[in-house]
Amino acid sequence: MAEEIDVVVIGAGQAGLATSHELEQRGVEHVVLEADVPGSAWLGRWDGFTLVGQNHTVRLPGAPYTGDDPQGFMGRTEIAAHLDAWAGRLRAPVRSGCPVRRLRQRDEGGFALDTDAGTVVSRVVVASTGAYQRPHRPPACASLPEGLPVFDLAGYRNPDAMPDGPVLVVGSGQSACQVAEELALAGRDVVMACGRAPWFPRRAGDRDVFEWLLDTPFFDQRVEDLPTPAARFGANPQLSGAAGGHDLNYRTLAGLGVRLGGHLVGADDDVVRLAPDLDASVAAGDDGYRLIRGFVLDLCAREGIEAPDLPDPPPLARRGVESVPVRELGSVVVAAGFRPDYASWVDVPGLVDEQGFPVHDDGESTAAPDLHFVGVHFLRRRSSALLFGVGADAAVTATRVASRLSVPA
C-alpha cells in the first residue's frame, strides 16, 4: 500500500534543504527524499574542486557561512559537510538513500513517486534535484576512437588517477579551465578544445569579482533578458577558487603551456581534429569580459565609486592546434557543461521546453499544477541555482505551497 504524504521535497542539496527550511518557517509539514545523503552531489566533484565564489557568498537561509575564513573557498568535502549539518538541524525528516525513480500524475489528483522503498503518494511535490543533472557531451565526442579513455567530470578525480600521456580537455567554462590548469600544474601535457566562455579577473581594484557583481544587476538577469532561451547553456565566467583564488582564462592557461585549439570537430582512428576558430573563441571570451566590465563600471558611475583599472585584454598571439594524432593522447576529459534531465524520470507530458527546462509559472509547472521546481538554472534569475540565490526562490515556492494548502501564516 502506498504511503501518503501531503508535501514531498525531492533532493537534499542546497535547493531542497532551502525549500525544507522555508516550508518549516511556514508550518508546512513535509518529507525530504534524498537519493544518497544530504549534500552528496558536491562529493561527486573532482578531488581538488573548490567553490568559485568566496565562502561568505554561501548565504543559505538558516545556514549561512559563519566560519573563520570568509574570503576563502571551501572544497567539496567542506561544502557537503556544511549541508549535511544543516539537514540535521531541520525538523522535517530527510530520508537518505531513497532515490525517486519515477514521478507521475495520478488520475485522482496528486502524484505517485516510485522509490526504492516503495511508492509514495503526495498532494504537492517540490523537485530540487540540482542544476547539474546530466553531463553534456558534444556530438563530436561520439567520433572519438573506442580505445581512447574518455571521462566526464564525474569520472575525473585528479591528475595521478589519469592514464599516462597527454590529455585533451573539451570545454571552456570554469570546470574545463580548472581541470586543464590542474593537469598542467601536475606536469601533464594538455591540449584544450576551446569553446566560447566569458572571463573576468579574480579581483578588480580591492574587491573580489563576486563582491562587485553582487552589487550589480548581473545575477538578477532573467531568461527574458538573454538573447535566446538557449543562452542558459552559456558557460560561467572562467575563474578559479583554488589556491586562495586567482585569475584563470585562456591566456593564463597558455602561459602554463596548455596547447589551445578550436572546438572539437571530430576524430577517426588516427587524428583528433579541432576547428580553426580559436581566435573566435578568444574574441567571444573578451566580449564577455567587456560585458561584465560594463556592469562594474555602471555601478561605479551610479554610486560615485572610483572605478578599478579594467583595461582591454592584450592579444593572444598563438596559433591554434588543429589536429592531434590519437596515438599521442592518453585520455580525454569532457567538461562541456550539463543539461537538465527531468524528462527521464518525470512522466508529465509538456513538462519541459525544447532545452529540457521545466515550463513553469513562478516555479510551478504549467503542465502539472502542484509540481514545483527549486534550484533550476535561470528558474527565476541567474542566481536561482546558486548558494546565494536559491534561498530567495525557495521562499517564494514555500509561500506558494503554503497558500495552496491554506496553511495559516
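In what follows, the structure referred to is the one given above.
An account of the accompanying structure is given in this report. Each chain has its residues counted from 1, following the order in which its sequence is written. It should be noted that, the model being predicted, local features are given only for residues of pLDDT at least 70 and side-chain atom pairs only at 80 or more, the latter also being counted only at that level, while totals for whole chains, interfaces and linings use all residues. Hydrogens and water molecules were not included; the side-chain quantities draw on all heavy atoms of the structure.

Moving on, we come to the sheet that holds strand 18 (residues 323-325). The 3 strands lie next to each other as 16-17-18, forming an open sheet whose pairing is antiparallel. Edge positions in the sheet fall to strand 16 (264-267) and strand 18, since each of these pairs with one other strand and no more. Across the sheet, the mean angle from the axis of one strand to that of its neighbour is 15 degrees, orientation sign disregarded. Sheet analysis places strand 16 next to strand 17 (residues 271-274), joined by 3 bridges and oriented antiparallel. Opposite Gly 266, over in strand 17, you have Arg 273 as the bridge partner. In this description, strands pair whenever DSSP reports at least two bridges between them. Secondary structure is summarised from DSSP: a helix means a run of H or I of at least four residues, a strand means a run of E of at least two, and numbering begins at the N terminus for each. Only C-alpha atoms enter the line fits that serve as axes; for helices the fit covers just the stretch in contact. Angles between N-to-C directions range over 0 to 180 degrees.

Of all hydrophobic cores here, the largest spans 59 residues; its most connected members are Met 192 and Leu 260. If one sorts the elements of this core by residue count, helix 4 (residues 174-185) sits on top with 6 residues. Contact between two residues is taken to exist if any of their heavy atoms lie within 4.5 Å; hydrogens are not considered. Other than its neighbours up to four places away in sequence, Leu 260 contacts Met 192, Cys 194, Tyr 250, Ala 254, Leu 278, Leu 316, Arg 319, Gly 320 and Val 321. One finds Leu 103, Phe 357, Leu 371 and Leu 379 within the second-largest nonpolar core, a separate group that totals 24 residues. Nonpolar core, defined: a set of buried Ala, Val, Leu, Ile, Met, Phe, Trp, Tyr and Cys residues in which side-chain atoms within 4.5 Å join the residues together. Burial classes follow relative accessibility: with a 1.4 Å probe on protein chains only, a residue under 20% of its type's maximum area counts as buried, one over 50% as exposed, and anything between as partly exposed.

Our next topic: the pairing of strand 12 (residues 190-193). What you see with strand 12 is no split at all: Val 190 and Met 192 on one side and Val 191 and Ala 193 on the other are buried throughout. Pairing of strand 11 (residues 167-170) with strand 12, which is carried by 4 bridges, proceeds in the parallel orientation. Considered in strand 12, the bridge of Leu 168 is made with Val 191. Here 3 bridges tie strand 12 to strand 15 (residues 259-261), and the two strands are oriented parallel to one another. Across the sheet, residue Val 191 finds its bridge partner in strand 15, namely Arg 259.

When you line up the elements, Arg 381 lands in the loop between strand 24 (371-373) and helix 8 (390-404). The exposure class assigned to Arg 381 is buried, which follows from its relative accessible area of 17%. With near-sequence residues (within four places) excluded, Arg 381 lies in contact with Phe 219, Asp 220, Gln 221, Arg 222, Ala 392 and Asp 393.

Here we take up the pairing of strand 6 (residues 100-105). Where strand 6 lies against strand 7 (residues 111-115), 5 bridges are found, and the strand directions are antiparallel. If you follow Arg 102 over to strand 7, its bridge partner there is Asp 114. Between strand 6 and strand 7, which pair antiparallel one after the other, the connecting turn spans 5 residues, and Gly 109 there sits at a positive phi close to 105 degrees. Where strand 6 meets strand 21 (residues 346-347), 2 bridges bridge the pair, whose relative direction is parallel. Residue pairing across strands places Arg 104 opposite Asp 347, the latter belonging to strand 21.

All right, on to the sheet that holds strand 15 then. The strand order 10-19-11-12-15 describes an open sheet built from 5 strands, whose pairing is parallel. With one partner strand each, in any of the chains shown, strand 10 (150-152) and strand 15 form the two edges of the open sheet. Going from strand to strand, the sheet's axes swing by 20 degrees on average, the running direction of each strand aside. Pairing analysis gives 3 bridges linking strand 10 to strand 19 (residues 331-334), with the strands arranged parallel. The residue of strand 19 that forms the bridge with Asp 152 is Val 334. Sheet strands in contact with helix 4 are strand 11, strand 12 and strand 19, and its direction is about 165 degrees off that of strand 12.

To estimate the expected span of a helix, count its residues, drop one, and scale the result by 1.5 Å. With 12 residues, helix 4 extends 16 Å from end C-alpha to end C-alpha; this agrees with the ideal 16 Å at 1.5 Å per step. Of all the 12 residues making up helix 4, 10 are buried; the element is thus mostly covered by neighbouring parts of the structure. Positive phi appears at Gly 187, one or two residues downstream of helix 4, with a value of about 90 degrees.

Here Asp 270 lies in the loop between strand 16 and strand 17. When its relative accessible area of 55% is taken as the criterion, Asp 270 is described as exposed. Sequence-wise, Asp 270 and Thr 397 are 127 residues apart; in three dimensions their C-alpha atoms are separated by 53 Å. Not counting residues up to four positions away in its chain, the partners in contact with Asp 270 are Val 324, Pro 325 and Val 326.

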